[in-house]
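What follows is the residue order along each chain.
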Amino acid sequence: MKGTIQPRGPRTWRLRYDVPSPDGRKQVSETIHGNKRDAQRTLRERLAAIDKGIYIERSEEAVAEYLERWLEVHSAQVSIRTRVGYASSIKRFKRHFGAVALQKLRPEHIQASYDAMLESGLTGRTVLHSHRVLSQALKDAVKWGLILRNPADVVSPPRAEKKEAVAWNADIISKFMDAAEGCRYRDVYSLAALTGMRRSELAGLKWPDIDTKSGRLRVVRTRQRIYGHGIVEGQPKTHRSRRTVALSPSAVSVLESIKTNQIEMRLKAGPLWQHTDYIFTMENGAPIDPDNLSREFRRIVREAGLPHGTLHGLRHAYATALLSANVHPAVVQSALGHSSITLTIDTYSHVMPGLEEAATRRIDDILGDAVAANS
């Protein structure tokens, strides 16, 4: 198979070659800038790709155009929160190399964008997340026959900074609960500490999800505020997050108290009561704003002079308490709704050394005498 090279001006050349098409073959014309040697090399590459069956038709579609098209295709397949996260990442890449043609995107473009993002103050975790979005988008571009290779495969994204989960102990939690006495969200904080549920999961709980007789609840929905969309009800982010949580007697007691208080609020509100079925509501039955839970939590911590802590820290306290009590990490993973046991162990690795020491002492209790007797 042959092609031709024609001069078109100073350091400009026109390549012509035939490519397969549904109708047989068609001729393609491509302009190359550089010396004749550059044009000859490019023509050889094109002809070799055609011979191997890996030729990709030339396109000037910009990275920005492709990423927007990719986002539109995937929008129906992901949650609103995930879509907003994708859009934020795409916006960053459009700023750095959006005008570059997709087929001319190089690893150095991507690497330079990561460096610039870090210099602008973004965390390594945020840049790593953006890398994963771009990598998936470019992987799909390869699958769709738009590019031959994924340039994101050969860059070095930053590592996510490993942060040790900060967890209050029982004494600090007790002081917090005392300080929260009279707060409308105290019961939410109690259930957070007793179940390890996420804020969005607590805000999404409804009474049909609860079975106090068997001492279990089902996590099947979330409520969270998403930028540009307001408060959105959705599903937990992974299939493992959609789970059943075993309730301790204390947790059951909290829920029964909430039920009683809600009945009183409903009678007081009368016809103004909104029958939403949510467990945590305002005085008129309307569901609470999840963001208010965190704002009120921070206020109580600040005014009570407690050590720094967040609402999510109650989830960490729950997990740390279980692991410290020698509960198997797989059980903790299931209770928290983590996607993998590796995530659970990595998040709470600071608790593990103490558990390993306890295991060492335990093995001596069980097998120490038997080994010593035969040594």
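Along each chain, residues carry numbers from 1 onward, in the same order as the chain's sequence is written. Note on the predicted model: pLDDT of at least 70 is required for a residue's local features to be given, and 80 or more for side-chain atom pairs to be given and counted; whole-chain, interface and lining totals, by contrast, use all residues. Hydrogens are left out, water is left out, and the side-chain values use all remaining heavy atoms of the structure.

Colleague: What am I meant to see in the overall build of the protein chain here?
Modeller: Secondary structure follows DSSP: runs of H or I at least 4 residues long count as helices, runs of E at least 2 residues long count as strands, and numbering of each begins at the N terminus. Helices and strands together make up the secondary structure of the protein chain, namely 14 helices and eight strands. Compactness check: the protein chain gives a C-alpha radius of gyration of 29 Å against a globular reference of 21 Å for 375 residues, more than 25% above the reference. In terms of overall dimensions, the protein chain has C-alpha extents of about 85 × 80 × 40 Å along its principal axes. Classification of the 375 residues of the protein chain by burial places 41% in the buried group. Between two residues, a contact is recorded if the distance between any of their heavy atoms is within 4.5 Å. The contacts in the protein chain between residues at least 6 apart in sequence include a share of 58% that link residues at least 24 apart. About 21600 Å² of surface is accessible on the protein chain, with carbon and sulfur atoms providing 50% of the total. For the purpose of counting charges, residues Lys and Arg are taken to be positive, whereas Asp and Glu are taken to be negative. His and the chain ends are not included. Taken as the charge centre is NZ of Lys, CZ of Arg, CG of Asp or CD of Glu, depending on the residue. The average position of the 57 basic charges and that of the 41 acidic charges among the side chains of the protein chain differ by 7 Å. In this description the radius of gyration comes from C-alpha coordinates, and the expected globular size is given by 2.2 Å times residues to the power 0.38. For every residue, the accessible area obtained with a 1.4 Å probe (protein chains only) is divided by the maximum for its type, and the residue is called buried under 20%, exposed over 50%, and partly exposed between those limits. Note on areas: Shrake-Rupley with a 1.4 Å probe; residue coverage comes only from the protein chains shown.

Colleague: Sorry if this is basic, but what is going on with the nonpolar core here?
Modeller: Looking at soluble globular proteins, one finds that nonpolar side chains tend to be buried together. Of all hydrophobic cores here, the largest spans 38 residues; its most connected members are Trp-168, Phe-176, Tyr-189, Phe-280 and Leu-314. Taken together, the elements giving at least two residues each to this core come down to helix H6 (170–179), helix H7 (186–195), strand S5 (216–219), helix H9 (249–269), helix H10 (290–304) and helix H11 (311–324). Counting residues in each nonpolar core, the second largest holds 23 residues, with Val-63, Tyr-66, Leu-67 and Trp-70 among its members. Residues belong to a common nonpolar core when they are buried Ala, Val, Leu, Ile, Met, Phe, Trp, Tyr or Cys residues joined through side-chain atoms within 4.5 Å.

Colleague: In this structure, what is going on with helix H5 (residues 124–143)? I would like to understand it.
Modeller: Think of an α-helix as turning once every 3.6 residues; residues three or four places apart then point the same way. Compared with an ideal rise of 1.5 Å per residue, which puts 20 residues at 28 Å, H5 spans 28 Å between its outermost C-alpha atoms and is within 8% of the ideal. Inspection of H5 places Gly-124, Val-127, Leu-128, Ser-130, His-131, Val-133, Leu-134, Ser-135, Ala-137, Leu-138, Asp-140 and Ala-141 among the buried residues, and these make up the whole buried set. Looking one or two residues past H5, Gly-145 carries a phi angle of roughly 75 degrees, positive in sign. Here, expected helix span is obtained from the residue count minus one, scaled by 1.5 Å.

Colleague: Looking at this structure, I do not really get helix H3 (residues 80–97). What am I missing?
Modeller: With 18 residues, H3 should reach 26 Å at 1.5 Å per residue; the first-to-last C-alpha distance of 26 Å fits that figure. Listed in full, the buried residues belonging to H3 are Tyr-86, Ser-89, Ile-90, Arg-92, Phe-93 and Phe-97. One side of H3 holds all its buried residues, which, seen down the axis, span an arc of 155 degrees. Facing away from the buried surface of H3 by more than 90 degrees, the exposed residues are Lys-91 and Arg-95. Those residues of H3 that are buried lie in contact with helix H2 (63–75), helix H4 (107–119) and H5. In this context, the arc is that of the directions from the helix axis out to the C-beta atoms.

Colleague: What is the right way to look at the sheet that holds strand S8 (residues 243–246) in this model?
Modeller: Within a sheet, neighbouring strands are paired by backbone hydrogen bonds and run either parallel or antiparallel to one another. Ordered in space as S4-S5-S8, the three strands form an open sheet in which the pairing is antiparallel. Since the sheet does not close on itself, it has two edges, and those belong to strand S4 (210–211) and S8, each with one partner. Pairing of S4 with S5, which is carried by two bridges, proceeds in the antiparallel orientation. The residue bridging Asp-211 from the neighbouring strand is Arg-216, located in S5. When DSSP finds at least two bridges between two strands, those strands are taken to pair.

Colleague: Even after reading the chapter, I still don't get the side chain of Arg-221, so can you show me in this structure?
Modeller: In this structure, Arg-221 sits in the loop between S5 and strand S6 (222–226). Polar contact is the term for a pair of N or O atoms within 3.5 Å; when the atoms are in protein, one must be able to donate a hydrogen and the other to accept it, and sequence-neighboring residues count only if both atoms are side-chain atoms. Separated by 3.0 Å, the side chain of Arg-221 and the backbone oxygen of Gly-204 make a polar contact. Contact partners of Arg-221, with chain neighbours within four places excluded, come to Ser-200, Glu-201, Gly-204, Leu-205, Lys-206, Asp-209, Glu-233, Gly-234, Gln-235 and Pro-236.

Colleague: Sorry if this is basic, but what is going on with the packing of H7 against H9 here?
Modeller: A pair of packed helices can be characterised by two numbers: the angle between their axes and the separation between those axes. Orientation is described by axes fitted as lines to C-alpha atoms, over the contacting stretch for helices, and by angles from 0 to 180 degrees between their N-to-C directions. Across the interface, H7 lies against H9 with an axial gap of 10 Å and an inter-helix angle of 160 degrees. With respect to their mutual orientation, H7 and H9 come out roughly antiparallel. Regarding H7 and H9, the two cross each other, and that crossing is left-handed. Between H7 and H9, the contacting residues are Asp-187, Ser-190, Leu-191 and Leu-194 on the first element and Ser-250, Ala-251, Val-254, Leu-255, Ile-258 and Asn-261 on the second. Residues belonging to the contact of H7 with H9 are distributed by class as follows: six nonpolar, three polar and one charged. By the definition adopted for this analysis, an angle is roughly parallel if under 35 degrees, roughly antiparallel if over 145, roughly perpendicular if from 65 to 115, and oblique otherwise. Here is the rule for handedness: rotate from the far helix to the near one, and if that takes an anticlockwise turn smaller than a right angle the crossing is left-handed, while a clockwise turn gives right-handed. For this scheme, ten residues count as nonpolar: Ala, Val, Leu, Ile, Met, Phe, Trp, Tyr, Cys and Pro. Four count as charged, namely Asp, Glu, Lys and Arg, and the remainder, Gly too, count as polar.

Colleague: Teacher, can you tell me more about the pairing of strand S2 (residues 12–21) here?
Modeller: Working note: regular strand, side chains alternate between the two faces of the sheet. In terms of strand pairing, strand S1 (residues 3–9) meets S2 through six bridges, oriented antiparallel. Of the residues in S2, the one forming a bridge with Gly-9 is Thr-12. What sits between S1 and S2 in their antiparallel hairpin is a turn of two residues, with Arg-11 showing a positive phi close to 55 degrees. Relative to strand S3 (residues 24–33), S2 is paired through 10 bridges, and the arrangement is antiparallel. Each bridged residue has a counterpart across the sheet, and for Pro-20 the counterpart in S3 is Arg-25.

Colleague: Mind showing me how you'd approach the sheet that holds S3 here?
Modeller: Reading across from one edge, S1-S2-S3 is the order of the three strands in this open sheet, with antiparallel pairing throughout. Each edge of the open sheet carries a strand with a single partner, namely S1 and S3. Neighbour-to-neighbour, the strand axes of the sheet open up by a mean angle of 25 degrees, direction not taken into account.

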